[in-house]
Amino acid sequence: MKTLYTAALVACFALPATAHDYTLGGLTVTHPMAFETPKSAQVGGGYLSITNSADTADRLLSISADGFDDVSLHESTTDDMGVARMQPVEGIDLPAGETVVLEPGGLHVMFMGLGGDPFEIGEKIPATLTFEKAGSLDVTFNVESRRAAHQGEMDHSAHGMQH
Ligand SMILES: [Cu+2]
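Every chain begins its residue count from 1, and numbering advances along the sequence as written. Owing to the predicted nature of the model, reporting of local features is limited to residues with pLDDT of at least 70; listing and counting of side-chain atom pairs is limited to 80 or more, with chain, interface and lining totals taken over all residues. Side-chain measures were taken over the full set of non-hydrogen atoms in the model, leaving aside hydrogen atoms and water.

Q: So what's going on with the coordination of the copper ion? Residues and values would help.
A: Looking at the copper ion, one finds its protein donor set to be His74 (ND1), Met86 (SD), His108 (NE2) and Met110 (SD), positioned 2.1 to 2.2 Å from the metal centre. Water is not among the atoms examined, so metal sites may look incomplete; donors are the N, O and S atoms within 2.8 Å of the metal, or within 3.2 Å for Na, K and Ca. Angle rules define the geometry names used: all angles between 85 and 135 degrees makes four donors tetrahedral, while opposite donors over 155 degrees apart and all other angles between 65 and 115 make four donors square planar and six octahedral, leaving every other case irregular. Coordination at the copper ion is tetrahedral, judged from the 4 donor atoms that bind it and the angles of 98 to 122 degrees they form at the metal. In primary-sequence terms, the residues that donate to the copper ion follow H-x11-M-x21-H-x1-M. One end of the pair, His74, is in strand E5 (residues 70-78); the other, Met86, is in strand E6 (residues 84-88), and 12 residues separate them in sequence. Think of it in three bands: with a 1.4 Å probe and only protein chains considered, a residue is buried below 20% of the maximum accessible area for its type, exposed above 50%, and partly exposed in between. Its relative accessible area of 8% is what places His74 among the buried residues. To qualify as a helix, a DSSP run of H or I must reach at least 4 residues; to qualify as a strand, a run of E must reach at least 2; elements of each kind are numbered from the N terminus.

Written as structure tokens, this is what we have:
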């Protein structure tokens, strides 16, 4: 019963009703989204997945969006002491035939300089992804409820405990 419950949460998190995707050559960018932020937040995370169905590797070089001090690619890591950190990454490799997921606790987009204008549910954030080979792709991040985030975190911690 517990397994079924967890599976339902995962499905709910991975396939929200508002799923949307974009294609550019052999690349498919699936469901760019961000979670609502508190009013005081200065930064917000952005998440999506990229499937490279081409037979050559590509690389996500950068992301840009108007209205922010900076937008960059980040990676969160947790060290042996359980301390979480995040740092900018130069780019994200997209191996041929694989899907790379930007998600809470891992690779993500960081929107910086929200200063008093938080992400609100239903808000749409236009952004441009730049790939080394495929070129540029305009996408829209949908801002969604935090509740899905908590389900995602639960799934991650439950997964971690199995190892
Ligand atoms: Cu970050």
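There's plenty left to go through after this.
Q: Could you give an account of the packing of aromatic side chains, with specific residues and numbers?
A: Between 30 and 60 degrees the pair is tilted, below 30 it is stacked and above 60 it is edge-to-face, where a pair is any two Phe, Tyr or Trp rings, Trp via its six-membered ring, whose centres lie within 6.5 Å. Under the defined criterion, the tally for this structure stands at 5 aromatic pairs. Both rings, one in Phe68 and one in Phe119, keep their centres 6.1 Å apart while their planes meet at 85 degrees; by these two values the pair is edge-to-face. Taken together, the residues Phe68 in the loop between strand E4 (58-64) and E5 and Phe119 in the loop between strand E9 (107-112) and strand E10 (124-131) connect sequence positions 51 residues apart. Neither residue differs from the other here; Phe68 and Phe119 are each classed as buried. Summarising the aromatic geometry, the rings of Phe111 and Phe141 are spaced 5.3 Å apart at their centres and angled 85 degrees between planes, so their arrangement reads as edge-to-face. Linking Phe111 in strand E9 with Phe141 in strand E11 (residues 135-144), this pair joins segments that are 30 residues apart in sequence. The same class applies to Phe111 and to Phe141, which are both buried. Through a chain of ring-to-ring contacts, the aromatic side chains of Phe68, Phe111, Phe119 and Phe141 assemble into a single cluster.

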